[in-house]
Amino acid sequence: FVHLPFKTRRMFRQHKAMAERISIEPRDEGLFFRRENAEALVPWSYLMRWRSNDKLLLLYPTKGTFYMLPSRLFANQADFDELRRLIETKLGKAR
């Protein structure tokens, strides 16, 4: 378990795209992710479940992978809560 945080930090430093600013736009068909050199639409049907609390939102396309959206990255708590409500309408209750 000690090795994992070190390895994760090293991988983050090596992966240039992870340091780029990402914007997320909710759309009727899914979540649209955009960064400097790429963009992608993740359809709602590709997300199998989600979890959330007041500080963090996790969207799971598979059991072992997730998109992590911290509330601190949003302009305010109301924007974060609005996205959580939208996700609940699209995916159902958090699990």
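That block above? That's the structure.
Residues numbered from 1 in each chain as written. Predicted model: local features only at pLDDT ≥ 70, side-chain atom pairs only at ≥ 80, totals over all residues. Heavy atoms only, no water.

Colleague: How do you make sense of the side chain of R84 when you look at a structure like this?
Modeller: If you trace the backbone, R84 turns up in helix α2 (residues 77-91). At 3.0 Å, the side chain of R84 and the side chain of D81 are in polar contact. Residue contacts for R84: discarding those within four places in its chain leaves W50, S52, N53, D54 and L57. (Helix = DSSP H or I, 4+ residues; strand = E, 2+ residues; numbered from the N terminus. Polar contact = N/O pair within 3.5 Å; in protein donor to acceptor, adjacent residues only side chain to side chain. Contact = heavy atoms within 4.5 Å.)

Colleague: Is there a simple way to think about the nonpolar core in this case?
Modeller: Looking at soluble globular proteins, one finds that nonpolar side chains tend to be buried together. Formed by L31, F33, V42, W44, L47, W50, L57, L59, L69, F80, L83 and I87, the largest nonpolar core amounts to 12 residues. Counting only elements with at least two residues in this core, the list comes to β2 (30-35), β5 (56-60) and α2. Ranked by residues supplied to this core, first place goes to α2 with 3 residues. The residues touching L57, leaving out its near neighbours within four places in the chain, are W50, R51, S52, Y67, M68, L69, F80, L83, R84 and I87. (Core = buried A, V, L, I, M, F, W, Y, C linked by side-chain atoms within 4.5 Å. Buried < 20%, exposed > 50% of the residue type's maximum accessible area, 1.4 Å probe, protein only.)

Colleague: I keep staring at the environment of K55 and nothing clicks. Help me out?
Modeller: Summarising the element assignment, K55 is placed in the loop between β4 (49-52) and β5. On the accessibility criterion, K55 (66% relative accessible area) is exposed. A C-alpha to C-alpha distance of 7.2 Å links K55 and R72, two positions 17 residues apart in sequence.

Colleague: Would you explain the pairing of β2 in this entry?
Modeller: The pairing of strand β1 (residues 23-27) with β2 spans 5 bridges and is antiparallel. By the bridge assignment for β2, S23 is matched with R34. Turn length for the β1-β2 hairpin, with the two strands adjacent in sequence and antiparallel, is 2 residues. For β2 and strand β3 (residues 38-43), the ladder comprises 6 bridges, and the chain directions are antiparallel. What sits directly across from R35, in β3, is A38. The antiparallel hairpin formed by β2 and β3 contains 2 residues in its connecting segment. (Pairing = 2+ DSSP bridges.)

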